[in-house]
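Analysis of the macromolecular model
Read off the chains here:
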Amino acid sequence: MIKTGSILRVVDNSGAKWAKCIQVRVKGKYPSGTVGSILLITLQKFVSRKKVTKRTIYMALVVGISHWIARLDGTFVKFFSNRLLVFNKQTKFLGSRIYGAILKETKSLNLYDKKNQKYFQKIFSYSSGSV
């Protein structure tokens, strides 16, 4: 579960390495993010001479969490760290490559978002595989 203030690992080549969650874009009294959630983040550690800068707010898509996820077929999936992809404010993907696999639940949860569906479809073609 991802809450405000969580430190997350960035798994694309946008130049960011670690990010901090500012806000979870989920309704509720105590919102927490899971796979497929949209977050507002700021960068903690990044590589210079890339597309991202410090002191800028970005959007992010969670593609893996370090909490057990139960599937309908009875299997459980877990990552070692919380993983995300970085977008700009207009929900355009800043990277051109994704390191590692992303969860299948990310695809099924983001198909309902009709406004940003074309950007999310591009992400699934960039990934090396899905778990």
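Relevant structure appears above.
Below you will find a few notes about this structure. It should be emphasised that the depicted structure is a prediction, and the values quoted were computed from it without experimental measurement.

**Side note on the environment of Leu 84**
The topology assignment puts Leu 84 in strand S7 (residues 83–87). Note on Leu 84: relative accessible area 0%, which makes it buried. With residues up to four places along the chain from it excluded, the contact list for Leu 84 reads Leu 8, Arg 9, Val 10, Val 11, Leu 39, Ile 41, Ala 60, Leu 61, Val 62 and Val 63.

**What to know about the sheet that holds strand S2 (residues 16–24)**
Within the closed barrel, the 5 strands sit side by side as S1-S2-S3-S4-S7. Their pairing is mixed. The mean angle between the axes of side-by-side strands here comes to 55°, regardless of whether they run parallel or antiparallel. The pairing of strand S3 (residues 38–46) with strand S4 (residues 58–64) spans 4 bridges and is classified as antiparallel. Paired with Ile 38 across the strands is Leu 61, a residue of S4.

**Regarding the pattern of salt bridges**
Inspection of every chain in the model, using the stated rule, returns 1 salt bridge. Here Arg 71 ties to Glu 105 by a salt bridge, and the two come within 2.8 Å at their closest N and O atoms. Taken as a pair, Arg 71 in the loop between strand S5 (69–70) and strand S6 (76–77) and Glu 105 in helix H1 (residues 104–110) lie far apart in primary sequence, 34 residues in all. For the pair Arg 71 and Glu 105, a shared accessibility class is recorded, and that class is buried.

**A word on the side chain of Thr 42**
Tracing the backbone through its elements, the reader meets Thr 42 in strand S3. Apart from residues lying up to four places away in sequence, Thr 42 is in contact with Ala 19, Lys 20, Ile 22, Arg 55 and Thr 56.

**Examining the nonpolar core**
One finds Ile 2, Leu 39, Ile 41, Tyr 58, Leu 84 and Val 86 to be the most contacted residues of the largest nonpolar core, which totals 23 residues. Elements with a minimum of two residues in this core: strand S1 (7–10), S2, S3, S4 and S7. Residue contributions to this core peak at 4 residues, all from S2. Grouped together as the second largest cluster of nonpolar side chains are 14 residues, Val 63, Leu 85, Ile 98 and Phe 120 included.

**Remarks on the environment of Phe 76**
The topology assignment puts Phe 76 in strand S6. Owing to a relative accessible area of 55%, Phe 76 belongs among the exposed residues under this scheme. Contacts of Phe 76, omitting those with residues within four sequence positions, involve Trp 68, Ile 69 and Ala 70.

**Re unusual backbone geometry**
In the Ramachandran plot, Arg 55 falls in the positive-phi region, its phi being about 65° despite a non-glycine side chain. Of note, Arg 55 is situated in the loop between S3 and S4. What makes Arg 55 exposed here is its relative accessible area of 81%. Not every positive phi belongs to a glycine, and Thr 91 is a case in point at roughly 55°. Examined against the element boundaries, Thr 91 turns out to sit in the loop between S7 and H1.

Here is what the cut-offs are and how they apply
Residues numbered from 1 in each chain as written. Predicted model: local features only at pLDDT ≥ 70, side-chain atom pairs only at ≥ 80, totals over all residues. Heavy atoms only, no water. Helix = DSSP H or I, 4+ residues; strand = E, 2+ residues; numbered from the N terminus. Buried < 20%, exposed > 50% of the residue type's maximum accessible area, 1.4 Å probe, protein only. Contact = heavy atoms within 4.5 Å. Pairing = 2+ DSSP bridges. Axes fitted to C-alpha atoms, helices over the stretch in contact; angles between N-to-C directions. Salt bridge = Lys/Arg side-chain N within 4 Å of Asp/Glu carboxyl O. Core = buried A, V, L, I, M, F, W, Y, C linked by side-chain atoms within 4.5 Å.

Geometric values such as these leave the question of function open.
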